[in-house]
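Coordinate inspection notes
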Amino acid sequence: MEDKSYDKIMIATDGSKQVEKAIEAAVQLAKITGARLYSVYVIASAGYTPRNFGWEESLREILEAEAKKAVTFVEEAGKVSGVKVEPVILEGHPADRIMKFAEQEDMDLIVMGTLGRTGLNRFLLGSIAENVVRHSKTPVMVVKGEAENEN
């Protein structure tokens, strides 16, 4: 049974274990609707560095490898379910880039994971998902992940 309510679904991934439930939900939704799934990872830009201290290139390579690993994980999850996944790696402020990409590419839905933190933890850590939910013109589905031990 295929439902054409969605043509393009975006899963925003950070490569963490906590986003796995959101990936699973996005893959299943894409499978049910026949939508194309886009796996989006945003490398957070560190801002302008006026001098080359030598470590920037190494850090960049590490961040790019992490991004590739995260989008590949989604691709593999899609293959298992017969869903084609388009990997996308962006750079900038994560919430802004997620929303901009969704608008530019005319996404029907953004799927994101969250830890569901409250109180001081939420205030101190901020929430990319919350920012996207509040400001996105594209509908957003947030899937609560399981937090690791937070001691």
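Conventions and cut-offs
- Residues numbered from 1 in each chain as written.
- Predicted model: local features only at pLDDT ≥ 70, side-chain atom pairs only at ≥ 80, totals over all residues.
- Heavy atoms only, no water.
- UniProt positions renumbered as here; feature names shortened; annotations may be inferred.
- Helix = DSSP H or I, 4+ residues; strand = E, 2+ residues; numbered from the N terminus.
- Buried < 20%, exposed > 50% of the residue type's maximum accessible area, 1.4 Å probe, protein only.
- Polar contact = N/O pair within 3.5 Å; in protein donor to acceptor, adjacent residues only side chain to side chain.
- Contact = heavy atoms within 4.5 Å.
- pLDDT = per-residue confidence, 0-100.

Within an unreviewed UniProt entry, the label attached to the chain reads Universal stress protein, and the organism entered is Methanosarcina barkeri 227. Under Sequence similarities (unreviewed entry), UniProt gives the following word-for-word description of the chain: "Belongs to the universal stress protein A family."

**Here we look at the environment of Thr72**
For Thr72, the location among the structural elements is in helix α2 (residues 55-81). The class for Thr72 is partly exposed, based on a relative accessible area of 26%. Each C-alpha atom, one on Thr72 and one on Glu86, is 9.6 Å from the other, the two residues being 14 residues apart in sequence. A distance of 2.7 Å separates a polar atom in the side chain of Thr72 from the backbone oxygen of Lys68.

**Digging into the side chain of Ser81**
Mapped onto the elements, Ser81 comes out in helix α2. A distance of 3.3 Å separates the side chain of Ser81 from the side chain of Gln28, its partner in a polar contact. Discounting chain neighbours no more than four positions away, the residues touching Ser81 are Val27, Gln28 and Lys31.

**Considering the confidence of the model for the chain**
For the chain, per-residue confidence averages 85 on the pLDDT scale, and 79% of positions sit at 70 or higher. The spread of mean pLDDT over the elements of the chain runs between helix α4 (residues 119-125), the lowest at 47, and strand β1 (residues 8-12), the highest at 98. Low pLDDT (under 50) marks residues 120-125, which in the prediction has six contacts with non-local residues, meaning those over four places away or in another chain.

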